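An overview of the molecular structure
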Amino acid sequence: MSSSNDYAHNPDHYGFQTNAIHSGQEPEKWTSRTVVPPIVMGTTFKQYEPGKHAGFEYGRSGNPTRNSLEECLAPLEKAKYALAFASGSAALTTMSYLLKSGDHILTVDDVYGGTNRFFRNCANRMGIETSFVDMLDLELTQKSFKPNTMMVWIETPTNPTLKLVDIKAVCEIAKRKNPDIICVVDNTFASAYFQNPLELGADIVSHSLTKYMNGHSDVVMGAIMLNDEKLYERMKYLQNAVGAVPSPFDCYLASRGLKTLAFRMQAHMHNGLKVAKSLSENPRVEKVIYPGLESHPQHELYKRQMKGFGGMISIYIRGGIDESFRFLSALKLFSCAESLGGYESLVEHPAIMTHASVPKDQRAVLGIDDNFVRISVGIEDADDLIGDLNQALEKAIPNN
């Protein structure tokens, strides 16, 4: 690698798509001047003399390919720093080490099933208590803080019922309670293209890069973005100490995925809105949840807080578990599979698949029922996707 920083790309001067292509990717970094950052697979690095190295010592502590990805991720979230992890869950686990036994986490009730599972079954074993609260109710949210609350975990839009939490309002409540409370926002469903929580008062933004940010369903990875230097140094230390880091090859793939993020999100939104409108008119569908529709309960917040939305739609079909199974089985273009945010269209049954680990009584309160289906609309031709959904609904509910 070159030692000069004169060539460094300044993301403050450029727009989202330019930064996605150029930040951290400067050819001048490498003696070969390769336009695409190389995949550096080496796990250890030769030192000039004991304790004097060229910026890298050991692969867990730092890697040139990972550094390039992190430098690209930061400006996309309007952040100074970014750190990559082996998965979104690995990022969550590492952040939990910012807390200690006896601390309390306040989180949204409709949180991703894996996050729910970690808080209930893992963090609690470390003596960390978690309260799950409907954060749409700001008065209830305010009352739910405790003297030992040290982290607020916001997910918006939520997974899978697509509720929107007012990031600015909740972060302001938290900071009034205690300026030392760390406010984290899981921005996976929105992506950095459509929502930037740091500008709304969050301390840390968390992503499952597996989803929209990478967008190709071929990488499992997580990341955090933040602005506070001291908090970054703590997390950088924990990234190395906990060791849940991604491979250089996966970092290369995720960096490649970011190059088309803006265009993919525009296509996801175009298709998502078109599919949502079509499903809203289908008599075999009881309810469609999509923030971009005026029928969404928090549509006004959506317009204030987000620049748009992707391809995530949740629906209630007419019937129950049998109709849901027939619907999922009859689809041809949509694959019945977990995950989301790839270029391909996916569909799943949260109560049985992604949110099976959420207690049944909690699923009932959230509305994750037997006729509830989550759809990840890809970037195929929208009319083809609409046709596939319609024919599957007709087969699942023939006598509507």
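The paragraphs below set out a description of the structure included in this document.

Analysis parameters
Residues numbered from 1 in each chain as written. Predicted model: local features only at pLDDT ≥ 70, side-chain atom pairs only at ≥ 80, totals over all residues. Heavy atoms only, no water. Helix = DSSP H or I, 4+ residues; strand = E, 2+ residues; numbered from the N terminus. Polar contact = N/O pair within 3.5 Å; in protein donor to acceptor, adjacent residues only side chain to side chain. Contact = heavy atoms within 4.5 Å. Expected span 1.5 Å × (residues − 1). Buried < 20%, exposed > 50% of the residue type's maximum accessible area, 1.4 Å probe, protein only. Phe/Tyr/Trp six-rings, centres within 6.5 Å; stacked < 30°, edge-to-face > 60°. Pairing = 2+ DSSP bridges. Axes fitted to C-alpha atoms, helices over the stretch in contact; angles between N-to-C directions. Right-handed = clockwise from strand over helix to strand, strands pointing away.

Quick word on the side chain of Ser-131
Tracing the backbone through its elements, the reader meets Ser-131 in strand 3 (residues 129–133). Within the local environment of Ser-131, its side chain forms a polar contact with the side chain of His-104, the two groups lying 2.8 Å apart. With residues near it in sequence (within four places) discarded, Ser-131 still touches His-104, Ile-105, Leu-106, Thr-107 and Lys-146.

Digging into helix 14 (residues 382–396)
In an α-helix, one turn spans 3.6 residues; hence positions three or four apart end up facing the same way. Taking 1.5 Å per residue, 15 residues should reach 21 Å; helix 14 reaches 21 Å between its end C-alpha atoms and fits that length. Listing the buried residues of helix 14 in full gives Ala-382, Leu-385, Ile-386, Asp-388, Leu-389, Gln-391, Ala-392, Leu-393 and Ala-396.

Brief notes about the packing of aromatic side chains
For any pair of aromatic rings, the description rests on two quantities: the centre-to-centre distance and the angle between the ring planes. Inspection of every chain in the model, using the stated rule, returns nine aromatic pairs. Relative to Phe-56, the ring of Phe-45 has its centre 5.5 Å away and its plane inclined at 40°; by these criteria the two rings are tilted. Here the residue Phe-45 occupies a position in the loop between helix 1 (16–22) and helix 2 (64–76), and Phe-56 occupies one in the loop between helix 1 and helix 2, the gap between them amounting to 11 residues. Accessibility expressed as a relative area gives 10% for Phe-56, which makes it buried.

Re the sheet that holds strand 10 (residues 335–336)
Read across the open sheet, the five strands follow the order 8-9-12-11-10; overall the sheet is mixed. With one partner strand each, in any of the chains shown, strand 8 (285–289) and strand 10 form the two edges of the open sheet. Pairing analysis gives five bridges linking strand 9 (residues 312–317) to strand 12 (residues 372–376), with the strands arranged antiparallel. Looking at the pairing, Ile-315 lines up with Val-373 of strand 12. Of the strands in this sheet, strand 9, strand 10, strand 11 (346–348) and strand 12 touch helix 12 (residues 321–330), which is tilted by about 135° from strand 9.

Quick look at the pairing of strand 5 (residues 182–186)
For strand 5, a buried count of five out of five residues is recorded, marking the element as mostly surrounded by other parts of the structure. Neither face of strand 5 is open: one carries Ile-182, Val-184 and Asp-186, the other Cys-183 and Val-185, and all of them are buried. Sheet topology note: the strand 4 (residues 149–155)/strand 5 ladder contains five bridges and is parallel. Bridge pairing in strand 5 links Ile-154 to Val-185. Read as a crossover between parallel neighbours, the route from strand 4 over helix 6 (residues 167–177) to strand 5 is right-handed. Examined bridge by bridge, strand 5 and strand 6 (residues 204–208) share three bridges and lie parallel to one another. Counterpart to Val-184 in the pairing with strand 6 is Ile-204.

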